[in-house]
Amino acid sequence: MRFPKLSRSLRQLSSHVLAIALGVVLTVSTLQVLPSQAEPAPPMTAGDTSRAIAQRQSPTTAAIGSTSFVTAAVNRVGTAVVRIDTERTITRRVDPSFEDPFFRRFFGDGFSQQMPSEQQLRGLGSGFILDKSGLVMTNAHVVDKADKVTVRLKDGRTFEGKVQGIDEVTDLAVVKINAGNDLPVAPLGSSNNVQVGDWAIAVGNPLGFDNTVTLGIVSTLKRSSAQVGISDKRLDFIQTDAAINPGNSGGPLLNGQGEVIGINTAIRPDAMGIGFAIPIDKAKAIAAQLQRDGKVAHPYLGVQMLTLTPDLAKENNTDPNSPIQIPEVNGVFVMRVVPNSPAASAGIRRGDVILQVDGKAITSAEQLQNFVEDSRLGQILQVKVQRGNQTQQLSVRTAELQNAS
């Protein structure tokens, strides 16, 4: 009875052992066959390696790369950036006290004659070449009233520059040099395409250190000259944190592609890490007029003004010592009317609040200034003002601003 059961057990055990052995054989065979059936991986080329590394780089590392985009941008425009040296002779008036007999008794009759009556002032700035004929753009304050202008190229060549036109209101000037027709030209971009956070590269000759490059970003756009503290200018600046120092004035501000987006200017002595540049689109329009006419005509009204809000007016009206009550509205408060100006001729008075111009609401002094700047000389503007509790409609004919100051 036990033998048949033992026989069946042995047969079952043999089947299990055979199955295990067969599984081991198949596994080993598979391990041996798979590598021979798989295609070998192609060797990586240098380009593949670079792409693989670039894919693993962080956005910042990829943006800068082993060859900086700043280098490429500067190489694109660098030879078109120039240094501008100026000389100016001023005559100093001798103090009348030197002619006093009492003074002459102690110092001698010839002392006053030994006092220098003339002094030579030297200036330094930057600029860049606009076209192959030798047209150079810079700041007005760099070359204004200069007796001699010398333009030095990056390769060391120097040329005498002739100032073709100056516009103090926008602080722009055009200088011409005669250096043949094969000069390097700075590529111009568009300031209308600039956004906050874009790269900003300043190139120039700060503090006399030629061919200096600084890097930053565009901090903000349309920073008005009034906000910057330059009330005699009519500009909306590009603000940047790229280092701009004396001597950078007139040099280009570049974007990451090496295109000029602004002209460095408006350096404030108290600025820490803040610089300003004139938008290149504005500069191109001014340069064309300076090249053609030698000057730019700017229309004006003739008022000193302040942006007014209801809160500001209320603060004034609740002050018992306030000499005037101001309408609690949004508009532009007239602080002063320039004598013999278009505003004076039209009947605008100190204390008026300008509410509208040609039917358009005016809510800030910068808005009113831009509106007038964009008008034509001799154009009649319909100005709505509030005077006390009454409103009046006045017609103001714009005239040409004769003096920026």
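Criteria and thresholds
- Residues numbered from 1 in each chain as written.
- Predicted model: local features only at pLDDT ≥ 70, side-chain atom pairs only at ≥ 80, totals over all residues.
- Heavy atoms only, no water.
- Helix = DSSP H or I, 4+ residues; strand = E, 2+ residues; numbered from the N terminus.
- Contact = heavy atoms within 4.5 Å.
- Areas by Shrake-Rupley, 256 points an atom, 1.4 Å probe, with all protein chains shown as cover.
- Pairing = 2+ DSSP bridges.
- Axes fitted to C-alpha atoms, helices over the stretch in contact; angles between N-to-C directions.
- Core = buried A, V, L, I, M, F, W, Y, C linked by side-chain atoms within 4.5 Å.
- Buried < 20%, exposed > 50% of the residue type's maximum accessible area, 1.4 Å probe, protein only.
- Phe/Tyr/Trp six-rings, centres within 6.5 Å; stacked < 30°, edge-to-face > 60°.
- Salt bridge = Lys/Arg side-chain N within 4 Å of Asp/Glu carboxyl O.
- Polar contact = N/O pair within 3.5 Å; in protein donor to acceptor, adjacent residues only side chain to side chain.

Colleague: Got a minute to help me understand the overall build of the protein chain in this structure?
Modeller: For the protein chain, the helix and strand inventory stands at 12 helices and 20 strands. In the protein chain, of all internal contacts separated by at least 6 residues, the share reaching a separation of at least 24 is 64%. For the protein chain, the accessible surface area stands at approximately 23,500 Å², while carbon and sulfur atoms represent 52% of it.

Colleague: Would you mind showing me how to read the sheet that holds strand β7 (residues 199-204) here?
Modeller: Read around the closed barrel, 6 strands run β7-β8-β9-β12-β11-β10, paired in antiparallel fashion. With strand direction ignored, the average angle separating the axes of adjacent strands in the sheet is 45°. The pairing of β7 with strand β10 (residues 252-254) spans 2 bridges and is antiparallel. Note that in β10 the partner of isoleucine 201 across the bridge is leucine 254. Those strands touched by helix α4 (residues 69-77) are β7, β8 (212-224), β10 and β11 (260-265), and its axis lies near 45° from that of β7.

Colleague: Sorry if this is basic, but what is going on with the sheet that holds strand β6 (residues 172-176) here?
Modeller: Strand pairing in a sheet relies on backbone hydrogen bonds. The paired strands run either parallel or antiparallel. Ordered by their spatial adjacency, 6 strands build a closed barrel running β1-β2-β3-β6-β5-β4, and the pairing between neighbours is antiparallel. Ignoring which end each strand starts from, the neighbouring axes of this sheet average 40° apart.

Colleague: Just to check I follow, could you spell out the nonpolar core for this structure?
Modeller: The nonpolar side chains of a soluble globular protein tend to be buried with one another. Counting residues in each nonpolar core, the largest one holds 47 residues, and the members touching the most others are Ile84, Phe128, Met137, Val151, Ile177 and Ile201. Those residues within four positions of isoleucine 84 in sequence are excluded, and the remaining contacts are Gly123, Leu124, Gly125, Ser126, Gly127, Val136, Thr138, Val142, Val143, Val149, Thr150 and Val151.

Colleague: What is the right way to read the packing of aromatic side chains from this model?
Modeller: Each aromatic ring pair is specified by the distance between its two centres and by the angle formed by the two planes. With the rule as written, the count across this model stands at 2 aromatic pairs. Each ring, one from phenylalanine 69 and one from tryptophan 199, has its centre 4.9 Å from the other, and the planes form 45°; the classification is tilted. Within this pair, whereas phenylalanine 69 is found in helix α4, its partner tryptophan 199 is found in strand β7, the two being separated by 130 residues in sequence. Residue phenylalanine 69 is classed as buried on the basis of its relative accessible area of 17%.

Colleague: In this structure, what is going on with the pairing of strand β4 (residues 148-152)? I would like to understand it.
Modeller: With burial as the criterion, only one face of β4 is covered, namely that bearing Val149 and Val151; the residues Lys148, Thr150 and Arg152 on the opposite face remain uncovered. As judged from the 4 bridges shared by β4 and strand β5 (residues 158-167), these two strands associate in the antiparallel manner. Pairing of valine 151 across the sheet is with phenylalanine 159, part of β5. If you look at the hairpin formed by β4 and β5, you'll find 5 residues sitting between the two strands, and glycine 156 has a positive phi there, around 100°.

Colleague: Please clarify how the environment of isoleucine 166 should be interpreted in this entry.
Modeller: Relative to the helices and strands, isoleucine 166 resides in strand β5. When the C-alpha atoms of isoleucine 166 and glutamine 291 are compared, they prove to be 9.7 Å apart, with 125 residues separating the residues in sequence. Sequence-distant contacts of isoleucine 166, that is, excluding residues within four places in its chain, are made with Ala140, Val143, Asp144, Leu172, Ala173, Leu290, Gly294 and Lys295.

Colleague: What is the right way to look at the pattern of salt bridges in this model?
Modeller: Pairs can form between side chains of opposite charge once their charged atoms are near each other. If you walk through the whole model with that rule in mind, you get 10 salt bridges. Notably, a salt bridge pairs arginine 83 with aspartate 85, separated by 3.1 Å at the nearest N-O pair. When its relative accessible area of 18% is taken as the criterion, aspartate 85 is described as buried. We note a salt bridge from arginine 83 to aspartate 210, for which the minimum N-O separation is 2.8 Å. Of the two residues, arginine 83 sits in strand β1 (residues 81-91) while aspartate 210 sits in the loop between β7 and β8, which places them 127 residues apart along the sequence. The buried category is assigned to arginine 83, whose relative accessible area is 17%. Using a relative accessible area of 33% as the deciding quantity, one classes aspartate 210 as partly exposed. Three or more residues are tied together by salt bridges with common partners; here these are Arg83, Asp85 and Asp210.

Colleague: Help me out: how do you make sense of the pairing of β1 in this one?
Modeller: Each regular strand carries side chains that alternate between the two faces of the sheet. Taken together, the 11 bridges between β1 and strand β2 (residues 118-131) define a ladder with antiparallel strand orientation. If you follow threonine 89 over to β2, its bridge partner there is glutamine 120. Pairing of β1 with β4 involves 5 bridges; the strand directions are antiparallel. Bridge assignment links threonine 86 to a residue of β4, and that residue is valine 149.

Colleague: It is not clear to me how the side chain of serine 126 should be interpreted in this structure. Could you clarify?
Modeller: By secondary structure assignment, the location of serine 126 is in strand β2. Relative accessible area serves as the criterion here: at 0%, serine 126 is assigned to the buried category. Within the structure, the side chain of serine 126 is placed 3.0 Å from the backbone nitrogen of asparagine 205, a separation counted as a polar contact. A distance of 2.5 Å separates the side chain of serine 126 from the backbone oxygen of glycine 247, its partner in a polar contact.

Colleague: I would appreciate a short explanation of the environment of glutamine 119 in the present structure.
Modeller: Examined against the element boundaries, glutamine 119 turns out to sit in strand β2. The exposure class assigned to glutamine 119 is partly exposed, which follows from its relative accessible area of 32%. The spatial distance from the C-alpha of glutamine 119 to the C-alpha of isoleucine 90 is 5.3 Å, given a sequence separation of 29 residues.

Read these as geometric descriptors, not functional statements.
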